[in-house]
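Listed below, chain by chain, are the residues.
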Amino acid sequence: ETKLQGCFSDKFAAVSAYTQRLTLSMAIVRLVNGIAGALQKGAYATSVASLAERAGMPRILVDIRHEASHNVLPSLAILQIAADQAVAWLRDGYWNVQEAELGKRRDHIRGIVEQLLDASEGAKSGASASDKMTFARTAAEDDPSKRVRSKLLKELLELVPEALASQIASQVQAVVK
């Protein structure tokens, strides 16, 4: 039993070994072809093996892809080993990298929000009572803190998904005005 088998439901274990071989072969073929296709550039085709090597993909996946596409389906035991290696490659080369990048982005967004709040509080606290009321309605165009807040808000909106940008902008503006 491989690590990957724990990911499959009991229904997968109940299907025939041949169906399991077809399923794992198809997944590996699609993975290798997808990576190779994304890297294929130029007027002349580069071999799938060269492209997969450039991506750092384990050679067994390329060999399995070749066998499953052009010869016979590999054994279930070989496919399970290859599937484990495919998952490990995706985890190490993509998912962990994505997780780290998202963590950096989250920390950067948190820092910008803190700066926005600080800039907003600084602008409000330095004003007289009547100025605070005026500030609450609208800030003066030449207010340096407004320029800082505007710059920070623009930076924040560049870091969030476009679909959420207007919603985030309105909520942030309501808090920092």
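Below: a short report on this structure. Counting restarts for each chain: residues are numbered from 1 in the order of the written sequence. Residue-level local features of this predicted model are given only where pLDDT is at least 70; pairs of side-chain atoms are given and counted only at 80 or more, and the full residue set underlies all totals for whole chains, interfaces and linings. The side-chain figures draw on all heavy atoms in the structure; neither hydrogens nor water molecules are used.

A closer look at the nonpolar core
Reasoning step 1: By size, the foremost hydrophobic cluster in this structure holds 14 residues, and its most contacted members are Ile28, Leu31, Val32, Met57 and Leu61.
Reasoning step 2: Elements are defined by DSSP. Helices are runs of H or I of four residues or more, strands are runs of E of two residues or more, and each kind is numbered from the N terminus. Only helix H2 (17-39), helix H4 (59-70) and helix H5 (76-125) provide two or more residues apiece to this core.
Reasoning step 3: Contact criterion: two residues are considered in contact whenever any of their non-hydrogen atoms come within 4.5 Å of each other. If we skip the residues at most four places from it in the chain, Val32 touches Val48, Met57, Leu61, Val62 and Arg65.
Reasoning step 4: Among the buried residues, those of types Ala, Val, Leu, Ile, Met, Phe, Trp, Tyr and Cys that are joined through side-chain atoms within 4.5 Å form a nonpolar core. Burial classes: relative accessible area under 20% of the type maximum marks a residue as buried, over 50% as exposed, and values in between as partly exposed (1.4 Å probe, protein chains only). Core analysis: the second largest hydrophobic core is formed by 7 residues, Leu152, Leu153, Leu156 and Val172 among them.

Focus on the environment of Leu157
Reasoning step 1: By the element assignment, Leu157 lies in helix H7 (residues 144-159).
Reasoning step 2: Spatially, the C-alpha atom of Leu157 lies 7.1 Å from that of Ala169, the residues being 12 residues apart in sequence.
Reasoning step 3: Those residues in contact with Leu157 that lie beyond four places of it in its chain are Ala165, Ile168 and Ala169.

Some words on the pattern of salt bridges
Reasoning step 1: By definition here, a salt bridge exists when the distance from a side-chain nitrogen of Lys or Arg to a carboxyl oxygen of Asp or Glu is within 4 Å. One pass over the structure, following the stated rule, counts 5 salt bridges.
Reasoning step 2: Asp107 is paired through a salt bridge with Arg106; the nearest N and O atoms lie 3.7 Å apart.
Reasoning step 3: Asp107 is the salt-bridge partner of Arg110, the closest N and O atoms lying 3.3 Å from each other. With Arg110 and Asp107 both in helix H5, this residue pair falls 3 residues apart, about one helical turn.
Reasoning step 4: On the accessibility criterion, Asp107 (42% relative accessible area) is partly exposed.
Reasoning step 5: Sharing partners across several salt bridges, the network here consists of Arg106, Asp107 and Arg110.

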